[in-house]
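The chain contents come next:
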Amino acid sequence: GWTMASFVETELAALKKQVGDDEVVCALSGGVDSTVVAVMLHKAIGKKLHCIFVDNGLLRLGEGEEVAAYLREHFDLNLYYIKASKLFLDRLAGVTDPEKKRKIIGTTFIEVFEAEAAKLPKAKYLAQGTLYPDVIESESFRGPSAVIKSHHNVGGLPEHMKLQLIEPLRELFKDEVRKVAAEIGLPDFIIWRHPFPGPGLAIRIIGEVTEERLEILRRTDKIVQGELAASGWYRKVWQGFAVLLPLKTVGVMGDGRTYENVAAIRVVDSLDAMTADWTRLPSELLASMSNRIINEVKGVNRVVFDVSSKPPSTIEWE
Ligand code: XMP
């Protein structure tokens, strides 16, 4: 029968054979998919793999560095950590349209990645953590009449890069990728990490992305993550995060009146992100998230909980 152990074994042998004496580049994002791809390839071809991590300045607190540190500590792999946040934020200045944000982030990512990959002239392949639902969604999303959201982590490679794609996970669903992750010995904090969109926090700040808004959202999101983890809910849900609505409402703090932003909490159950339902979190947990956010995060004086399902809403707000 088909087991994860045999999938991994077969896949490693196939990767080794396919790559031969050539080299491979991969984009590491900090998520489970790209980490599994990197570790599988590392096991198959060792130092012939080069991993490029582009820090776009739109990551959560600690996202990325943690995974990079883990990989550096446990595997002897080529890992290049590129800090490019200024470039991304400069290009995003003044941009409010969600699809424009995605386009800018997608093209800037490719530009930065390509510049790094150009330093590796022996690379013939590009490895990506594309999953089965990404293949399906991008096909339907990219139809001429029905572009809902452009997912920049699928396709979009410039022709002239001449790299051939390797997508070892393209037949798997997320739960299967997690089983592969466990099979190859990755730790829980990577296996159970929630999906995080390529455009990152930029699509969780409605309207313009600024350094100040990113800071507020990072601190808010950290509380949501922390409360989900501490209550045992983190692993039970598909995704949980905060969204910043730069919409000011009135509050009171001590003797004073406040006029600050709204933060939304979005937590959903799903199998593959194609459909999703909002998670019925206990009210005490919501209360504790809300109290902590309003008390600890300067710039937020109101918290709302999103009770919309997909469809007709989407998981992300932009
Ligand atoms: P939506 O909001 O379309 O999200 O219901 C479905 C899943 O996809 C993630 N998502 C993205 N991932 N680039 C990505 O890499 C994107 O532009 C993007 N937009 C949404 C979202 O987090 C959810 O898991």
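The written sequence of each chain sets the order in which its residues are numbered from 1. Totals for whole chains, interfaces and linings use every residue, but because this is a predicted model, local features are given only for residues with pLDDT of at least 70 and side-chain atom pairs only at 80 or more, for both listing and counting.

J.: Hey, could you run me through the pairing of strand E4 (residues 123-127) in this one?
T.: Regular strands place side chains that alternate from one sheet face to the opposite one. Pairing between two strands requires that DSSP report at least two bridges joining them. Here a helix means four or more residues in a row that DSSP labels H or I, a strand means two or more in a row labelled E, and each is numbered from the N terminus. Pairing analysis gives four bridges linking strand E1 (residues 23-28) to E4, with the strands arranged parallel. By the bridge assignment for E4, valine 24 is matched with tyrosine 125. By the bridge criterion, three bridges tie E4 to strand E5 (residues 164-166) in an arrangement that is parallel. Paired with alanine 127 across the strands is isoleucine 166, a residue of E5.

J.: Hey, could you run me through the UniProt feature "binding site: ATP" (unreviewed entry) in the protein in this one?
T.: UniProt positions are given in the numbering used here, feature names are shortened, and annotations may be inferred rather than shown by experiment. UniProt tags Ser29, Gly30, Gly31, Val32, Asp33, Ser34 and Thr35 as "binding site: ATP" (unreviewed entry). Position of aspartate 33 relative to the elements: it lies in helix H2 (residues 32-45). Remark: C-beta atoms are placed from the backbone, and a residue is labelled buried if 20 or more other C-beta atoms sit within 10 Å of its own, exposed if 12 or fewer do, or partly exposed between those counts. Overall, aspartate 33 belongs to the buried group, with 23 C-beta atoms counted inside 10 Å. Leave out the neighbours within four places in its chain, and aspartate 33 touches Gly129, Leu131, Leu169 and Val177. With respect to the helices and strands, threonine 35 occurs in helix H2. A pair of residues counts as a contact when their C-beta atoms, built from backbone coordinates, are separated by no more than 7 Å.

J.: Quick question: what am I supposed to make of helix H1 (residues 4-19) here?
T.: Three- or four-residue spacings in an α-helix give side chains the same orientation, since the helix completes a turn every 3.6 residues. Taking 1.5 Å as the rise per residue, H1 with 16 residues should run 22 Å; its terminal C-alpha atoms sit 22 Å apart, in good agreement. Count one or two residues on from H1 and you reach glycine 20, which has phi positive near 55°. Expected helix span is taken as 1.5 Å per residue step, with the number of steps being one fewer than the number of residues.

J.: Help me out: how do you make sense of the packing of helix H4 (residues 85-92) against helix H5 (residues 98-117) in this one?
T.: How two helices sit against one another is set out by the angle between their axes and by the gap between those axes. Only C-alpha atoms enter the line fits that serve as axes; for helices the fit covers just the stretch in contact. Angles between N-to-C directions range over 0 to 180 degrees. Where H4 contacts H5, the axes come no closer than 10 Å and their chain directions differ by 150°. Taken together, the axes of H4 and H5 are roughly antiparallel relative to one another. In this structure, H4 meets H5 at a crossing whose hand is right-handed. Residues Leu87, Phe88, Arg91 and Leu92 of H4 form the contact with H5, whose own contacting residues are Lys101, Ile104, Ile105, Thr108 and Val112. Counted by class, the contact of H4 with H5 contains six nonpolar, one polar and two charged residues. Any angle that falls under 35 degrees is termed roughly parallel, while one over 145 is termed roughly antiparallel, one within 65 to 115 roughly perpendicular, and all others oblique. Two helices crossing with the near one rotated counterclockwise from the far one by less than a right angle form a left-handed crossing, whereas a clockwise rotation gives a right-handed crossing. Charged means Asp, Glu, Lys or Arg here, nonpolar means Ala, Val, Leu, Ile, Met, Phe, Trp, Tyr, Cys or Pro, and polar covers whatever is left, Gly included.

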